[in-house]
Amino acid sequence: NAGVTQTPKFRVLKTGQSMTLLCAQDMNHEYMYWYRQDPGMGLRLIHYSVGEGTTAKGEVPDGYNVSRLKKQNFLLGLESAAPSQTSVYFCASRWTGLGQPQHFGDGTRLSIL
Amino acid sequence: SQQGEEDPQALSIQEGENATMNCSYKTSINNLQWYRQNSGRGLVHLILIRSNEREKHSGRLRVTLDTSKKSSSLLITASRAADTASYFCATVNMNSGYSTLTFGKGTMLLVSP
């Protein structure tokens with residue numbers, strides 16, 4: 001099993017461009033998450049989903065949109081990229097149930113020029 | 001805002017020594033989790049301790065929880081160079097119906113051969 005796979009691994013964008021980050025998991029997990037990690041800031045939750053067709057805002061949702069059309073996929077969109085969105089983006093998934101651990105992908109490194 | 005705060009921010013030790021990292025949090029918790037992140041990789045779940053537990057062991061890991069002081073510690077015994085990584089504590093966010101975690105900023109551990 002691949003676990004959690006993030007596509008692409010690296011991307012450089014110009015300010016104002018749009019793009020979509022893809023997260024795919026093969027563990028049949030209900031819950032999926034998108035985080036951003038900035039130096040000295042730890043991980044901050046952008047959006048999450050507790051099941052197919054559902055999404056919810058996290059701590060830093062502004063400038064991002066998400067969709068969960070299929071259970072195994074969770075897409076993160078940047079409609080108009082800004083330099084402040086330069087970061088490493090991580091996707092995670094987990095089983096339902098309190099205390100279930102989150103399983104992470106290896107991240108997408110995104111630079112906005 | 002960050003729920004957990006790790007201390008120290010960075011720790012450098014020799015192989016064979018013990019490493020202790022601390023985490024403080026602000027509100028009541030259901031459980032607290034510790035994760036490890038190797039450079040350039042996603043986070044990996046290490047251990048979970050519930051609010052009604054005071055100590056838990058897993059291999060060379062020992063976690064303690066003091067809910068009266070709102071703090072936890074992670075002890076890695078007999079450290080190895082392969083333990084070099086960042087370590088994060090995370091608490092369940094009750095405001096999201098226990099669906100999400102709030103991560104601290106992490107402790108960077110360097111174990112020298």
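Everything that follows concerns the structure shown earlier in this document.
Residues numbered from 1 in each chain as written. Chains lettered and ligands numbered in written order. Predicted model: local features only at pLDDT ≥ 70, side-chain atom pairs only at ≥ 80, totals over all residues. Heavy atoms only, no water.

(A) Just the overall build of chain B, in detail. Within chain B, the regular secondary structure consists of zero helices and 11 strands. Start at the N end of chain B and walk to the C end: the helices and strands fall as β-β-β-β-β-β-β-β-β-β-β. Computed over C-alpha atoms, the radius of gyration of chain B comes to 13 Å, within 12% of the 13 Å expected from 2.2 N^0.38 for 113 residues, which places it in the range of a compact globule. Along the three orthogonal principal directions, the C-alpha set of chain B runs to about 45 × 30 × 20 Å. (Helix = DSSP H or I, 4+ residues; strand = E, 2+ residues; numbered from the N terminus. Rg over C-alpha atoms; globule rule 2.2 N^0.38 Å.)

(B) Looking closely at the interface of chain A and chain B. Taken together, the contact between chain A and chain B spans 24 residues of the former and 24 residues of the latter. Between chain A and chain B lies a buried interface of about 1800 Å² when both sides are counted; carbon and sulfur atoms form 51% of it. Together, Leu43(A), Leu98(A) and Phe104(A) form the three largest contributors to the area buried by chain A at its contact with chain B, with a combined 28%. Between the two partners, chain A and chain B, sit one salt bridge. (Contact = heavy atoms within 4.5 Å. Buried area = accessible area lost by both parts, 1.4 Å probe. Salt bridge = Lys/Arg side-chain N within 4 Å of Asp/Glu carboxyl O.)

(C) Broad picture of the sheet that holds strand E1 (residues 4-7) of chain A. All names here are of chain A. Spatial ordering of the open sheet is given by E1-E3-E8-E7, a layout of four strands whose pairing is antiparallel. Each of the sheet's edge strands pairs with one partner strand only, and the pair in question is E1 and strand E7 (64-67). Neighbour-to-neighbour, the strand axes of this sheet turn through a mean angle of 20 degrees, independent of strand direction. (Pairing = 2+ DSSP bridges. Axes fitted to C-alpha atoms, helices over the stretch in contact; angles between N-to-C directions.)

(D) View of the state of the cysteines. Applying the stated rule across the entire model yields two disulfides over all chains. Here Cys23(A) connects covalently by a disulfide to Cys91(A), the sulfurs 1.9 Å from one another. With the S-S bond torsion at -75 degrees, the cross-link from Cys23(A) to Cys91(A) turns out left-handed. In this pair, Cys23(A) is assigned in strand E3 (residues 19-25) and Cys91(A) in strand E9 (residues 87-94), connecting sequence segments 68 residues apart. Here Cys23(B) connects covalently by a disulfide to Cys89(B), the sulfurs 2.0 Å from one another. Across the S-S bond of Cys23(B) and Cys89(B) the torsion is about 70 degrees, and the bridge reads as right-handed. Taken together, the positions of Cys23(B) in strand E3 (residues 19-24) and Cys89(B) in strand E9 (residues 85-93) put the pair 66 residues apart, joining distant regions of the chain. Looking at Cys23(B), the relative accessible area reads 2%, which means it is buried. (Disulfide = S-S within 2.5 Å. Buried < 20%, exposed > 50% of the residue type's maximum accessible area, 1.4 Å probe, protein only.)

(E) Structural view of the environment of Ala90(B). Mapped onto the secondary structure, Ala90(B) falls in strand E9. Placed 48 residues apart in sequence, Ala90(B) and Gly42(B) show a C-alpha to C-alpha distance of 15 Å.

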